[in-house]
Amino acid sequence: MGDGITAGRRRLGVMGGTFDPVHHGHLVAASEVAARFHLDEVIFVPTGQPWQKEHRQVSAAEDRYLMTVIATASNPQFSVSRIDIDRGGRTYTIDTLRELRELHRDADLFFITGADALAQILTWRDAPELFSLAHFIGVTRPGHTLADPGLPNGGVSLVEVPALAISSTDCRERVARGDPVWYLVPDGVVRYINKRALYRDRDLDLPERT
Ligand code: ATP
Ligand code: MG
């Protein structure tokens, strides 16, 4: 079979992210890749402390985990894993994939990531091992060009998903400003943000003023 895929094995998508909050861009990307790659399941894996984002305050892991559960609960193909949260410390994708590899020995892994993150992939720790653990699927998001950043042959696929100009950063800024996030995130996530008063009275992820 193509894509280095072995017949008869389960096909597991892995969608890593901070999910602060999870939004419809994440859900559309996961759904589209699941359909195109005939995945049996997509596991959303909220990060522990994301090392790329230490310059800003990230919401509590439990809040990000619960929002991801709320957003995915109605889809029988979607599930949420606590492995990155429970491991503690900084999250590195290599650790996520090693652990999922151990937990799902019968499966081929497909790591789904936005084109923005894919462009940085070669700067990640242990890049060669990453490609041996999973097939990488880069999805387009608005404002990021879908260009092959010179990745190993056969290890990476690029997929265009319906363009959704939604980012968690924009959702947080909207809540902080009092603008609506209805329809950008699932209804249950809007309610959870309100219930827990997330993203209010906090420093936004904006350039520092001098
Ligand atoms: P932030 O603005 O805080 O960085 P984000 O919207 O990028 O948040 P993340 O949790 O950082 O969300 O993203 C998790 C994964 O989902 C990343 O691989 C990212 O590239 C991808 N992603 C985020 N938004 C979209 C979108 N609108 N369409 C497709 N992929 C997306
Ligand atoms: Mg991001």
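From a predicted model like this one, the values you see are computed outputs, not experimental measurements.

A. Molecular detail of the confidence of the model for the protein chain. Mean pLDDT for the protein chain: 86, with 80% of residues reaching 70 or above. For this predicted complex, the interface confidence reaches an ipTM of 0.98, while the overall pTM sits at 0.89.

B. Seen up close, the pairing of strand β2 (residues 41-46). Counting buried positions along β2 yields five of six residues, so the element is predominantly enclosed. Sheet topology places strand β1 (residues 10-17) next to β2; six bridges connect them, and they run parallel. In the sheet register, Gly17 faces β2, and the bridge partner there is Pro46. Taking the sense of rotation as the criterion, the β-α-β connection linking β1, helix α1 (residues 24-36) and β2 turns out right-handed.

C. View of the site of ligand 1. Near ligand 1 lie 19 residues; those nearest to it are Gly17, Gly25, Gly114, Ser168 and Thr169. Those elements giving two or more residues to the shell around ligand 1 turn out to be α1, β6 (107-114), α5 (115-119) and α7 (168-177). In terms of residues, the shell around ligand 1 owes the most to one element, α1, which gives three residues. Across the shell around ligand 1, the residue classes tally to seven nonpolar, nine polar and three charged.

D. Quick look at unusual backbone geometry. Between Asp20 and Pro21 the backbone carries a cis peptide bond, its omega angle lying at 0°. Inspection of the secondary structure puts Pro21 in the loop between β1 and α1. Here Tyr199, not a glycine, exhibits a phi torsion of approximately 70°, which is positive. As for its position among the elements, Tyr199 is in the segment after α8 (187-195).

Procedures and definitions
Residues numbered from 1 in each chain as written. Chains lettered and ligands numbered in written order. Predicted model: local features only at pLDDT ≥ 70, side-chain atom pairs only at ≥ 80, totals over all residues. pLDDT = per-residue confidence, 0-100. Buried ≥ 20, exposed ≤ 12 C-beta atoms within 10 Å, placed from the backbone. Helix = DSSP H or I, 4+ residues; strand = E, 2+ residues; numbered from the N terminus. Pairing = 2+ DSSP bridges. Right-handed = clockwise from strand over helix to strand, strands pointing away. Near = placed C-beta within 6 Å. Nonpolar A, V, L, I, M, F, W, Y, C, P; charged D, E, K, R; others polar.

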